[in-house]
Amino acid sequence: MNHALILPILLPLITGAGQLLFYQAPFALQRLLGFASTFWLVLLGIWCLQVAGNGEHLVYHAGDWPAPFGIVLILDRLSAVMLALTAVLGFCCLLYASNGGDQRGAHFHALFQFQLAGLNGAFLTGDLFNLFVFFEILLIASYALLLHGGGRARSRAGLHYVIINLVGSALFLIALGTLYGLTGTLNMADLAQRVAQAPPGDVPLLAAASLLLLVVFGVKAAILPLLFWLPRAYSAASAPVAALFAIMTKVGIYAILRVFLLVFALGEAPINETAWGWLWPLALFTLALGGIGVLGSNSLRTLTAYLVVLSVGTLLATISFATQESLGAALFYLIHSTGMTAVFFLLADLLGQQREEGYDNFTATGPIGHRWLLGTVFFFAAIAMVGLPPFSGFVSKAWILQASAQESQGFWLWGVLLAAALLTLIAVSRTGSSWFWRPGDMARPYPLERGPLTLVSSMVGLNGLLAVFGEPVMGYLELTAQQLLDPHAYIAAVLPEAFVARQEVAP
């Protein structure tokens, strides 16, 4: 059973390598291989949810080398949730891309598989250095995917994206070198013990390394003031690539949860308190800027990119309370926001294809093809995104507000979150009224492909199902939060009992 844990990484890596080696094979075969790989990832994601649901940690030792000396992969509830979400999102994006978008550049399917391999590896690894390695795999693939299709706008956005992430990678290496020099390990379970037992003279350097990691993960998650690359990059990418990128910022959120609730959470004076002190105000400012950006956007793609920023601010503000209820609410909102921002990126492309001019720009108000059909899909998608019943956005935000009401600073989150929701409602209402209410239908509407429209509609329907089955999902996520707040169980699962005992008695 444990050997299956490497399949979410190995399967897309092998598939992508094969697609690169045999790039001259018929394009239909490349699509078939991509679909087969991603479908198996969906099945593996479901299996991971079931296996992790018993509350235990599934550990895989590469080469049978025991931790902390060898490479280790760990599956718990949080990583299972992220694996399943990535697989479902990847499958939907690949289906949409197969409508013709995958033929606008070279090696799309291979890069797509490498991106999934990097994402899955980041969610499974139990080692900080391998987290860096998987970050680089997914980032290199994302560089090329961002440029897929060419164009000046994508080249400019790609340049900014590459530069900011290269800086983040350099800071990541500096932080890792500092931690390794002070503790002699980068295995997260082992590192948690050694950081907790560090002599007082090492604590300032460990705190500095933790803040460097917060900056690195903040770049990935797009926290203020490290977010200004995101709107341009996401709005320039092709629709299926931008939709897949909806999970990219959540990698940064995952890394913050994993590292700061495990590596720096133990001891009489946990080091993560320093980072947590910065997280709360930065999250609120990120949330506020996201709301302002949504209102001031000039296209639906840019609006959606700022919705990603808004979701990051909401997640981080909720996470900063670090309680079981707040973490569970944040994870529910993570699932909702990832799915709906992906929907909006795909919907922007559908709508842009049905306009005579302006694509998805708000300044162009000419007729739009298939106005009633697309307007209906947009209406339900907008309701789900804003957070109105009966969709999961309402459930997640109500849970967040309930969790924050128990905290002394909760009223700040109430005010900023509700204000951002109001700005989002105004923005999407303005968009819908200008596109679907005022103009008439086009005389000869462009052909509307049933496949992409059915896919987007189904994704909106899945959001509704998430609300319908909200109670069991909430139960799973609350147990996930409980597991996150118990780093000792993670450490005990990864490290041999004899090794843990030696660490506890070490001077």
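A quick note: this is a predicted structure, and the numbers were derived from the prediction, not measured.

Parameters and conventions
Residues numbered from 1 in each chain as written. Predicted model: local features only at pLDDT ≥ 70, side-chain atom pairs only at ≥ 80, totals over all residues. Heavy atoms only, no water. Phe/Tyr/Trp six-rings, centres within 6.5 Å; stacked < 30°, edge-to-face > 60°. Helix = DSSP H or I, 4+ residues; strand = E, 2+ residues; numbered from the N terminus. Buried < 20%, exposed > 50% of the residue type's maximum accessible area, 1.4 Å probe, protein only. Lys NZ or Arg CZ within 6 Å of the ring centre and 35° of its normal. Core = buried A, V, L, I, M, F, W, Y, C linked by side-chain atoms within 4.5 Å. Contact = heavy atoms within 4.5 Å. pLDDT = per-residue confidence, 0-100. Polar contact = N/O pair within 3.5 Å; in protein donor to acceptor, adjacent residues only side chain to side chain. Salt bridge = Lys/Arg side-chain N within 4 Å of Asp/Glu carboxyl O. Axes fitted to C-alpha atoms, helices over the stretch in contact; angles between N-to-C directions. Parallel < 35°, antiparallel > 145°, perpendicular 65-115°, else oblique. Left-handed = near helix turned anticlockwise from the far one by under 90°. Nonpolar A, V, L, I, M, F, W, Y, C, P; charged D, E, K, R; others polar. Patch = residues over 30% accessible without salt bridge, like charges linked within 9 Å, V, L, I, M, F, W, Y side chains within 5 Å. Areas by Shrake-Rupley, 256 points an atom, 1.4 Å probe, with all protein chains shown as cover. Pairing = 2+ DSSP bridges. Expected span 1.5 Å × (residues − 1).

## Thoughts on the packing of aromatic side chains
And then number 1: Applying the stated criterion across every chain yields a total of 21 aromatic pairs.
And then number 2: Geometrically, the ring pair formed by Phe108 and Phe112 is tilted, given 5.7 Å between the ring centres and 35 degrees between the ring planes. Of this pair, Phe108 and Phe112 both sit in helix 4 (residues 108-124), separated by four residues, roughly a single helical turn. One exposure class covers both Phe108 and Phe112, and it is buried.
And then number 3: A ring pair is formed by Phe172 and Phe217, whose centres lie 5.8 Å apart and whose planes are at 85 degrees; its orientation type is edge-to-face. Here the residue Phe172 occupies a position in helix 6 (residues 152-183), and Phe217 occupies one in helix 8 (residues 203-221), the gap between them amounting to 45 residues.
And then number 4: Phe217 sits in the buried class, given a relative accessible area of 0%.
And then number 5: Grouped by ring-pair contacts, the aromatic residues Tyr143, Tyr161, Trp229, Tyr234, Phe245 and Phe345 constitute a single cluster.
And then number 6: Against the face of Tyr476 rests Arg77, its NZ or CZ located 5.9 Å from the ring centre.

## Observations regarding the nonpolar core
And then number 1: In this structure, Leu75, Phe217, Tyr234, Phe260 and Phe344 are the most contacted members of the largest nonpolar core, which totals 183 residues.
And then number 2: Looking at which element gives the most residues to this core, the answer is helix 14 (residues 324-353), with 18 residues.
And then number 3: Sequence-distant contacts of Phe217, defined by excluding residues within four places in its chain, comprise Leu131, Phe135, Phe172, Gly252, Ala255, Ile256, Val259 and Phe260.

## Quick word on the confidence of the model for the chain
And then number 1: Mean pLDDT over the chain stands at 87; residues scoring 70 or higher make up 95%.
And then number 2: Averaged pLDDT values over the elements of the chain bottom out at 52 in helix 21 (residues 497-505) and peak at 95 in helix 3 (residues 77-97).

## What about the environment of Thr304?
And then number 1: The residue Thr304 is located in helix 13 (residues 300-319) in this model.
And then number 2: Residue Thr304 is classed as buried on the basis of its relative accessible area, which comes to 0%.
And then number 3: Separated by 73 residues in the primary sequence, Thr304 and Pro231 have C-alpha atoms spaced 8.4 Å apart.
And then number 4: In this structure, Thr304 is in contact with Thr341, Phe344 and Phe345, ignoring residues within four places of it in sequence.
And then number 5: Of the polar contacts made by the side chain of Thr304, one reaches the backbone oxygen of Leu300; its length is 2.7 Å.

## Some details on the pattern of salt bridges
And then number 1: Per the stated rule, a full pass over the model turns up three salt bridges.
And then number 2: Here Asp102 ties to Arg31 by a salt bridge, and the two come within 2.7 Å at their closest N and O atoms. Of this pair, Asp102 sits in the loop between helix 3 and helix 4 while Arg31 sits in helix 2 (residues 27-52), and the two are 71 residues apart along the sequence. There is no split in this pair, since Asp102 and Arg31 are both buried.
And then number 3: A salt bridge links Asp190 to Arg194; its shortest N-O distance comes to 3.3 Å.

## Focus on the packing of helix 14 against helix 18 (residues 450-468)
And then number 1: The contact between helix 14 and helix 18 brings their axes to 10 Å, and the two run at 160 degrees. In terms of orientation, helix 14 lies roughly antiparallel with respect to helix 18. Judged by the twist between their axes, the crossing of helix 14 over helix 18 is left-handed. The residues of helix 18 that touch helix 14, namely those facing Phe332, Ile335, His336, Gly339, Met340, Ala342, Val343, Leu346, Leu347 and Leu350, are Pro452, Leu453, Val456, Met459, Val460, Asn463 and Leu466.
And then number 2: A per-class count over the contact of helix 14 with helix 18 returns 14 nonpolar, three polar and no charged.

## Describing helix 7 (residues 188-196)
And then number 1: Counted residue by residue, helix 7 has seven buried out of nine residues, so it is predominantly covered.
And then number 2: The opening residue of helix 7, the one whose side-chain oxygen lies 3.1 Å from the backbone nitrogen of Ala189, is Asn187.

## What to know about a nonpolar patch on the surface
And then number 1: Side chains of Val88, Leu462, Leu465, Val468 and Phe469 sit close together on the surface and give an oily, nonpolar patch of about 470 Å² of accessible area.
And then number 2: Here the element with the most residues in the nonpolar patch is helix 18; it accounts for three residues.
And then number 3: Position of Val468 relative to the elements: it lies in helix 18.

## So, the pairing of strand 2 (residues 72-75)
And then number 1: Neither face of strand 2 is left uncovered, since the one carrying Val72 and Ile74 and the one carrying Leu73 and Leu75 both have all their residues buried.
And then number 2: For strand 1 (residues 58-61) and strand 2, the ladder comprises four bridges, and the chain directions are antiparallel. Residue pairing in the sheet places Tyr60 in a bridge with Leu73 of strand 2.

## Remarks on the side chain of Asn463
And then number 1: Along the chain, Asn463 falls in helix 18.
And then number 2: A distance of 2.9 Å separates polar atoms of two side chains, one belonging to Asn463 and the other to Ser392.
And then number 3: Once you skip the residues sitting within four places of it in the chain, Asn463 turns out to touch His336, Met340, Ala384, Phe391, Ser392 and Gly393.

## Description of helix 5 (residues 128-146)
And then number 1: Here helix 5 is 19 residues long and its end C-alpha atoms lie 26 Å apart, about the 27 Å a rise of 1.5 Å per residue gives.
And then number 2: In terms of residue burial, helix 5 counts as a mostly covered element, since 14 of its 19 residues are buried.
And then number 3: With a side-chain oxygen lying 2.8 Å from the backbone nitrogen of Phe129, the N-terminal cap of helix 5 falls on Asp127.

## Section: the packing of helix 6 against helix 8
And then number 1: For the pair helix 6 and helix 8, interaxial distance at closest approach is 9 Å and the crossing angle is 155 degrees. Considered as vectors, helix 6 and helix 8 are oriented roughly antiparallel to each other. The crossing of helix 6 and helix 8 is left-handed. The segment helix 6 lies against helix 8, with Ile164, Asn165, Gly168, Ser169, Leu171, Phe172, Ile174, Ala175, Thr178, Leu179, Leu182 and Thr183 engaging Leu205, Leu206, Ala209, Leu212, Leu213, Val215, Val216, Phe217, Val219 and Lys220.
And then number 2: The residue makeup of the contact of helix 6 with helix 8, split by class, is 16 nonpolar, five polar and one charged.

## A look at the environment of Leu20
And then number 1: Note that Leu20 resides in helix 1 (residues 7-21).
And then number 2: A C-alpha to C-alpha distance of 20 Å links Leu20 and Phe39, two positions 19 residues apart in sequence.
And then number 3: With residues near it in sequence (within four places) discarded, Leu20 still touches His107, Ala110 and Phe114.

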